[in-house]
Amino acid sequence: MCLLRRALFTAGIWILLAWAQTNDPDEVADFCDIFGSSVRVVDEKAYIFGGRASFQGFPNHTAPNNKLRIIDFSKPFRSGADVSTYVAQKPLPDNVPRGTYNAFWPLSNSTLDVFLGYHEVSRIAIERNDTVITKVYPLNAKLTYTLSSNSWENGLVKSADFEMIRIGKDKNGALQKAVSRMNAWAPGIQRGYVLGGSSYLDSPKLAWDMNREFDDHHGFLIYDLASDSWTNHTMPVNRTRMGVFVYLRTKDDEILIAFGGNTDPRKGSFKTAVRRSMREFDIYSTRQSKWYSYLVPEDQPFPDPSIEPCYAIVSAQDNSSHQIIIYGGASGADQLLVNSNVWALSLPSFDWVKLAGNSTDATREPGKRMDPACALVGNKYMLSYGGRHYIGDIGVTGGNGVLDCDQSANAVFLLDISKGQWVDRFTPGQEYLVPDAVLNVIGGTGKGGATKLEPDGGFSDPNLAAIMKFDYQTSNTTTESFSPSSIPVSSGANTGVIAGGAIAGIAVIAGIVLGFLVHRRQKKRRQKSEMKNSTLELGPMALKLHETPGVMLSHEVSGSEVRLNGGYSQPLTNKLPVSELHGDMPNR
C-alpha cells in the first residue's frame, strides 16, 4: 500500500511539472534573471533589446526576452519602485527574431537596427513546432525598429563578406553564424564594428542549451552604412570574446579600445580558460585602419582579469579626461569568481582607479553579477540592467554559487558615477563631476582640468600618442563680445585701467557742467527766486546736479558701477578698446 501511495504521489508530481512546463510563466511574477541584453540610449530613453531569461518554478523554460523595454530618463524616478511605473514593456511581434549579444545600433535618428547575435530558440518553441519563432534568418539579416511607430521590419544588408564562417546549412537547416558582445557603433563615420566572439549553429531544431557546435570567430567585422555592407578584417589577437569594446572620439580620430575577456579556445573548459590581463589594451584607429597596443606598467593598480563585465564611458565637462566605468563580471580559472567591483579606467593616462561601489540603499545594490547590460544615462549615471546575480562563487570545483533571482523583474540599478555609489533615485539634468578618487590620480577638479594627459613615462609609439590627444578647454575664457560690465573688476591692473578711465571721464563732464553753470548764474544774477535742480543727459550717464555755489562732484568705482555723490548709480556700459585692456584676450 505504501509503495502504491508513493508511486501515485511521484506520478502526480510529474504530471504537475509537465502541466507547469506547458504553460508560459508570468514574466514579472515568475521572473528570475535576464542576461545578454543590448541597450542603446536615444533622446533620453534607454531601449533594452534581447537577452535570455529564466523563471522561478520553470526550470525547463529558459527563454528569450520577448519584450522591448524602454526607460524614460527625462523624468525622475526610483529604481526600487514597481518597475511597471517607470519601465515600459513592448511585446515583440512573432516575426522579430529573439537574440542575445546583438549589435544594436542607431543607423539614423529615428531607428535602431539589430544585427548578428545568438538566435535564441527555447525548448518550448521547438516542442510546439513554432516555425515563426524558430525560423532561421540569413547571415546578412537586418532588423529595423522605428522609434516613433514602435514597429519592426525585417530586411537584408546589401553586401556581406562572411566567408570565414560560411559553412552552409545542415540537414536541419542550421547555419553557421557569428556573435560577439564586443561590438561598437562609431557615429562620426557611420560604421559598426564587431570584434572576435564565437561562431555557432543556428537551427530551428536546436535550443540555446543544446549542442550548437560553438567555436571561435576570428574576424573583425565592419559594417558601413553608406554602402550598406559587411566586410571582414584582421583581428589584433588570435581570439577574443566576452571582453570590453568601447568607442571614443579623439582630436583627430575615432578610436575603439578593446580589453579583458577570454583568449582561450571556445571549445575549452573552465580549467583551460585564459583570461586576458586588464593591463593589456588594443586600440584601433578608424582613420588609419590600424591597430595599436598599450600595456599598463605592472606596478600600477588594475582589476583582476575579467569576463562579461558591463561598461559605459563618460567624459569630463571640459573633455580633458574620459572614464570607462566597468562593473561586475567574473575572473578565475577553475572557478568563476563573480564580483561586484566598480572600476574606472581614466583616459588618456590609462590609469585604473577602483571606486567605492557602495550604496545609499542596500536593496538597490546589484551585488555580484555577470553579464548585465550598461549605458550612460542622465550625464552622470550608469544604468545596469539584468545580469546573473550570484551569492558565492561558481565553478567546476568547489563552487558554492547560488543564482539569486531579481524579484518582480526589478533588475534596474543606477550608479552615480560622480560618487561611485549605487543609488535608488534618478534625477535628470545633473552634471557629471569626475570622482574624487580619479582626481587624486589625474589632477584637476570635478569639472575637468586634468593635469595628467598621458601615462607615466608617456607612449612609446608617437603615432599612438597622436591619436590619444583630445580637444579640451584649457581655461574658462570664452569668445563672447566684451564690455567693461562683462569683465569682473578685482584687484590688479585691469581695475586701475577701468577706474582711471572712469575718473577721467567724470572730470571732463564735471568741467563742462561747471562752466555751463557759471554762465547761467551770471545771466540770472538778478533773479531772486530759488533755482531748481536740473538734470543733464550726457552720453550714457544721466547726472543729477544741484545748482549751488561751489558744487563738487565725487565718485567711486564699485564693481561695474560708477556712484556719484547724489546716490545715483549707473552701470558702466561704454565699451573700452581692446588695446586698453590688460591680460590675454581670446581672438574674435
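Residues numbered from 1 in each chain as written. Predicted model: local features only at pLDDT ≥ 70, side-chain atom pairs only at ≥ 80, totals over all residues. Heavy atoms only, no water.

### Brief notes about the confidence of the model for the protein
Note the threshold: Confidence scores labelled pLDDT are given residue by residue by the predictor and lie between 0 and 100. Any pair of residues with heavy atoms lying within 4.5 Å of one another is described as a contacting pair.
Per-residue confidence for the protein gives a mean pLDDT of 76, with 70% of residues at or over 70. Counted against residues more than four places away or in other chains, residues 475–510, with its pLDDT under 50, gives 39 contacts. Segment residues 516–520: pLDDT under 50, and four contacts once partners within four positions in sequence are set aside and those in other chains are kept.

### A look at the nonpolar core
Rules: What we call a nonpolar core is a set of buried Ala, Val, Leu, Ile, Met, Phe, Trp, Tyr and Cys residues that are connected through their side-chain atoms within 4.5 Å. Three exposure classes are used, based on accessible area relative to the maximum for each residue type with a 1.4 Å probe and protein chains only: buried under 20%, partly exposed in between, and exposed over 50%.
The biggest cluster of nonpolar side chains holds 39 residues, and the ones touching the most others in it are F220, F245, F259, F281, I283, I326 and F350. The contacts of F259, once residues within four sequence positions are left out, are G243, V244, R276, M278, E280, F281, I324, I326, L345 and W352. Within the second largest apolar cluster, 27 residues are counted, among which are V39, F55, Y385 and A409.

### Quick word on empty space enclosed by the protein
So the rule is basically this: Only protein atoms enter the 1 Å grid used here, on which a cavity is any set of points holding a 1.4 Å probe that cannot leave and a pocket is any open set flanked by protein within 12 Å on both sides along at least five of seven lines; residues with an atom within 4 Å of a point are listed as lining. Grid points are joined across faces, edges and corners, and a volume is the space filled by probe spheres set on the points. Only runs of H or I of at least four residues qualify as helices and only runs of E of at least two qualify as strands under DSSP, and these elements are numbered from the N terminus. Ten residues, namely Ala, Val, Leu, Ile, Met, Phe, Trp, Tyr, Cys and Pro, are considered nonpolar, four, namely Asp, Glu, Lys and Arg, are considered charged, and the remaining ones, Gly among them, are considered polar.
According to the stated counting rule, one finds six cavities of 30 Å³ or more in the structure shown. The volume enclosed by the largest cavity comes to roughly 270 Å³. The wall of the largest cavity is formed by 22 residues, among which P97, L116, Y137, A141 and K177 lie closest to the centre. Listed by contribution, the elements that provide at least two residues to the lining of the largest cavity are β11 (111–115), β12 (118–119), β13 (141–146), β14 (151–156), β16 (175–179) and β19 (198–202). Ranked by residue count, the leading element in the lining of the largest cavity is β13, at three residues. Looking at side-chain class alone, the lining of the largest cavity contains 12 nonpolar, six polar and four charged residues. Estimated volume of the second largest cavity: approximately 40 Å³. Y101, Y118, V179, S180, R181, G197, S198, R241 and M242 together form the lining of the second largest cavity. Here the lining of the second largest cavity is built from residues that sort into four nonpolar, three polar and two charged.

### Digging into the layout of surface pockets
Taken as a whole, the largest pocket encloses approximately 1200 Å³ of empty space. If you trace the largest pocket, you find 42 residues lining it, with V39, R40, I313, C374 and A375 closest to the centre. The element that contributes the greatest number of residues to the lining of the largest pocket is strand β27 (residues 310–315), accounting for six residues. Residue composition of the lining of the largest pocket, by class: 26 nonpolar, 11 polar and five charged.

### Regarding the pairing of strand β25 (residues 280–285)
Under the convention used in this document: Strand pairing requires that DSSP identify at least two bridges connecting the strands.
With five of six residues buried, β25 is to be regarded as a mostly interior element. One ladder, built from four bridges, connects strand β24 (residues 254–259) with β25; its direction is antiparallel. Bridged to I255 within β25 is S285. One ladder, built from six bridges, connects β25 with strand β26 (residues 290–295); its direction is antiparallel. Residue pairing in the sheet places E280 in a bridge with L295 of β26. Where β25 folds back onto β26 in an antiparallel hairpin, the turn is made up of four residues, including S289, whose phi is positive at roughly 55°.

### Focus on the pairing of β27
Here β27 runs beside strand β28 (residues 322–327); their pairing, made up of six bridges, is antiparallel. Looking at the pairing, Y311 lines up with I326 of β28. Hairpin geometry of β27 and β28 is characterised by an intervening segment of six residues between the two adjacent antiparallel strands and by a positive phi of about 70° at N319.

### Describing the sheet that holds β16
Strand order in the open sheet formed by three strands is β16-β19-β20, with antiparallel pairing between adjacent strands. Strand pairing shows two members of the sheet lacking a second neighbour, β16 and β20 (215–216), which therefore form its edges. Here β16 runs beside β19; their pairing, made up of five bridges, is antiparallel. Paired with L175 across the two strands is D202, which belongs to β19.

### Examining unusual backbone geometry
Across residues other than glycine, the phi torsion is negative in most instances, and most of the peptide bonds are trans. At the junction of L347 and P348, the peptide bond is cis and its omega measures out at 10° in the coordinates. Assignment of secondary structure puts P348 in the loop between β31 (342–347) and β32 (351–354). The backbone of D228 shows a phi angle near 50°, a positive value even though the residue is not glycine. The topology assignment puts D228 in the loop between β21 (219–224) and β22 (229–234). Of the residues examined, D228 reaches a relative accessible area of 14% and is grouped as buried.

### Looking at the pattern of salt bridges
Rules: The rule for a salt bridge is simple: a side-chain nitrogen of Lys or Arg has to be within 4 Å of a carboxyl oxygen of Asp or Glu.
By the definition in use, this model includes 18 salt bridges. Of the charged contacts in the structure, one is a salt bridge between E120 and R52, with a shortest N-O distance of 3.0 Å. With E120 in the loop between β12 and α2 (123–127) and R52 in strand β4 (residues 52–55), this residue pair connects regions lying 68 residues apart in the sequence. Residue classification places R52 among the buried residues on the basis of a relative accessible area of 10%. When the shortest N-O distance is used, the salt bridge between E280 and R276 registers 3.0 Å. Taking relative accessible area as the criterion, R276 reaches 9% and is therefore assigned buried.

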